[in-house]
Structures are given as structure tokens and as C-alpha cells.
Amino acid sequence: SGLDARAVPPLLSVRPSRALVDEKFSVLVENLPPGCPVTIRSLYQSEDKDFWEAYGHYVSNHKGTVSVSEDISLGGTYTGKEAMGLLWSMRPIPGSRKGLRLRKKDTCAPMLVTISVYSGHGDVRDQAPLASALVERWHVAPGVQRIEITEKGVRGTLFLPPGPGPFPAMLDLWGGGGGLQEYRAALLACRGFASLALEYLKSNDTKPKGLDMKYFETAFEIIRSHPQVIPDRVGIIGLCFGTLMTLSLAAECPTIKVGNIDCPMLLINGTDDQNWPTVEVASDIIKTMREAGKESLVTRLDYPDAGHLIEPPFSPHFRAANFMLHGTKKKVMMLWGGKTKPHADAQEDSWKKILSFLQLHLYGAPSLKANL
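The notes below deal with the structure included here. Just so it is clear, the structure is predicted and the values come from calculations on it, not from any experiment.

## Side note on the environment of Arg 224
Relative to the assigned elements, Arg 224 resides in helix H4 (residues 213-224). In the structure, Arg 224 is positioned 56 residues away from Pro 168 in sequence and 9.1 Å away in space, judged by C-alpha atoms. Apart from the residues within four sequence positions on either side, Arg 224 is in contact with Val 229, Pro 231 and Val 234. A polar side-chain atom of Arg 224 sits 3.2 Å from the main-chain carbonyl oxygen of Pro 231.

Okay, here's the thing in C-alpha cells:
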């Protein structure tokens, strides 16, 4: 091929090669022959030792370069002009275990992703790459502190932004999958919010702690009274089951009477959610708030064709994944819904809107408990 005869080998660079997981990168391949078909592929080995990959098929321009953020992928796990397709379209390599879901457990170690370029548009898995680069994707920025919390019966992890503070804060509630998920709280701390990721459905508990409102109120008090937190600027963010807890906490009332809520609310829904009637629930909430004369507090974002698990940006999309049924040792396959590309767009867009919502209500506006 034309590649072998060239004196200068192809060069692949990723900028920045070290970044937070919600930041974009650009991938550039240079020194190819003009009009050369190549495949650019990402490969990541998860903490559970499963391999994940994504790839796009490109053709180099007249200068012999391919820029992933500028050029069009003609095929692969994503198509079109997609700067971050090498991350959001990741999927387990063929032959992997079924129903995998990619979630970072150790938030203090980076995700190490290898990005390589291969000759041609065929199956490149057994080929030697023409060039490769290693990318570090971090959940914590330099200076973010991670503190384990075990006080007053509350279990969780607190992330503090760099600097002395005091900071506005977030209580981060997750879904019914149980365990402790830290990655969103870690990212929020990078963005200037002290964040407590709360563990409230321990995978092996038979009696869910989470259903005792007292537990959430105590957690809320712990974060409010932290010396580096501004006590009247605390928000709550919830996903799935966590959303119910978020609403009841905000209503300060164990039976959810949403009409009691007196703080701004941002409701984010995937309209292809196969797991939870989010669009209907959102409509009910807005109706209740309207009846209470508080409709102006609610902002609603509906994402067509996005599924249930709207995660931070560039996280791979799972239409279905293994799920441990709470209080049993039963593994079931849950259908989360969503189409990969619209879901990826929803994750990127909603994260920007979440951050600007929090910025406005927790940093900018007069003191109000903001609620997500």
C-alpha cells in the first residue's frame, strides 16, 4: 500500500490528552496519503476487566489528515461529524458478557482510553495500528478533595471543590440500583459545588434505608452544616428513584405533596424511557405546581428518543443492562430505552443546562434551595 513506502509514519494526536470526562477532545491523524481510507478506534478496559470499543471509518483529505471533530465518519459505531463519538458510542467488544453497563467506581483514578488509527475500513481488531495515543479522562480535577462520610448513620462520599470555599452544595441521589455512585458528585465538585453522593440502598440491605425520610433529612443537615458549605445554598439532584426522594425532601413532607415546593426545579425527561413514565410524571408535577400557583419555579426539558439513564456527557448509552433487584440477589435485565445518538445529545445538552441552572440559582440568585 501507499503507506509502507512513506518515510514519515502517520501521527495520531489527541488534545487535550488529559481532561475531565465532561470535556471535549480533538483527535487528529496526520501524514497519511491523500484519500486514504482509515478506521479510528477507541479501546477501554473497564474496572471489571471488560473491553469497550468505538470506531469510525474516515477518508483522509488532500493533505493526508483526518480530524475527528471536523470530518465525517462514513460508518462504524457512529456516523457523521461527531467530535466525541469515540466515547459516547462505546460498546462492549464482540463476545463480551451480556447486559454490561459502564460506570466508574474509583473516581480518583482516570479512565485510560487508547485511541488508534488503522488502515482500511474492514474489521481492524486483529491489525497492528498505524499510530496510537493514550487519553486520560478524569472525574476529579486537581485540588478536589474526596471525603468518606459515616456520621449519624449516614453513609456517603463528599467531594469538595478546590480552594477554601465556602461553596454552594448538592445532595446527589441515585436510582434504585443501590450502592454508592460517586461519579456525578465528583464532577459537580470540579464545577464548584460541594457534593455529597449518598448511599441509601446498599446492595445487600433487605430493609431499604432509603425509604426512611429521616435518613435523607440527616444527610441534608450534614452537608448544610459543613464548614465549607453556604448553608442556604444547597440543591438536590436525583435520578430515577432518587427523583422521588428529591421531590419529597424539597416538599419537606414524607407524602409527596409537590405543591409545597418553594424552590426552582429542573425536570429532565427522556421521552423513550422504557422504565418509568417520566413524561407523565413530569406533567403531573407541573399540573400540581400550577394549581399551587408556582408553575414559574419549574423548568422542564424533554429529550425525544433519549432513554431513562441520562448520565453526564459522553457516557456510553445502554438500551438494556443488568440490574440487581433490591433486597434480593436476583439479577434482571432492565430495559432503559433510548436511541444512542439522541441519547448522547441529551446527555451533553442536559449537563450544560444542569450546570447553568445550578450556577444561576446557587451562585447567582438570592438564596433559594435549588432542586433538580
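Continuing now.
## A few points about the nonpolar core
Counting 50 residues, the largest nonpolar core has Leu 12, Val 27, Ile 40 and Ile 115 as its most contacted members. A total of eight residues in this core trace back to one element, the largest contributor, which is helix H7 (residues 340-364). Formed jointly, this core draws a minimum of three residues from each of two domains, domain 1 (11-138) and domain 2 (145-363). Residues contacting Val 27, with those up to four places away along its chain left out, are Leu 12, Ser 13, Val 14, Ile 40, Val 66, Ser 67, Val 68, Leu 86 and Ile 115. One finds Leu 173, Tyr 215, Ala 219 and Phe 220 within the second-largest nonpolar core, a separate group that totals 21 residues.

## Focus: the sheet that holds strand S1 (residues 11-15)
With respect to topology, three strands assemble into an open sheet ordered S1-S3-S6, the strand pairing being antiparallel. Strand pairing shows two members of the sheet lacking a second neighbour, S1 and strand S6 (66-67), which therefore form its edges. Across five bridges, the pairing between S1 and strand S3 (residues 26-30) is antiparallel. If you follow Arg 15 over to S3, its bridge partner there is Ser 26.

## Considering helix H3 (residues 183-190)
Summarising burial for H3: eight of the eight residues are buried, a large majority. Summarising the contacts, the buried residues of H3 are in contact with strand S2 (18-20), strand S11 (154-160), strand S12 (167-173), strand S13 (194-199), strand S14 (229-238) and H7. Count one or two residues on from H3 and you reach Gly 192, which has phi positive near 100°.

## A look at the environment of Val 66
Among the structural elements, Val 66 can be located in strand S6. C-alpha of Val 66 to C-alpha of Asn 31: the two residues are 35 residues apart in sequence and 9.5 Å apart in space. Apart from the residues within four sequence positions on either side, Val 66 is in contact with Val 27, Leu 28, Val 29, Leu 32, Val 38, Ile 40, Tyr 58, Val 59, Ser 60 and Asp 71.

## Focus: the pairing of strand S8 (residues 111-119)
Of the pairings in the sheet, the one linking strand S4 (residues 37-45) to S8 comprises seven bridges and is antiparallel in character. The partner of Ile 40 across the bridge, within S8, is Val 117. Judged from the seven bridges that link them, S8 and strand S9 (residues 131-138) form a sheet pairing that is antiparallel. Across the sheet, the residue bridging to Val 117 is Ala 131, located in S9.

Rules used throughout
Residues numbered from 1 in each chain as written. Predicted model: local features only at pLDDT ≥ 70, side-chain atom pairs only at ≥ 80, totals over all residues. Heavy atoms only, no water. Helix = DSSP H or I, 4+ residues; strand = E, 2+ residues; numbered from the N terminus. Contact = heavy atoms within 4.5 Å. Polar contact = N/O pair within 3.5 Å; in protein donor to acceptor, adjacent residues only side chain to side chain. Core = buried A, V, L, I, M, F, W, Y, C linked by side-chain atoms within 4.5 Å. Buried < 20%, exposed > 50% of the residue type's maximum accessible area, 1.4 Å probe, protein only. Domains from an automatic or database assignment. Pairing = 2+ DSSP bridges.

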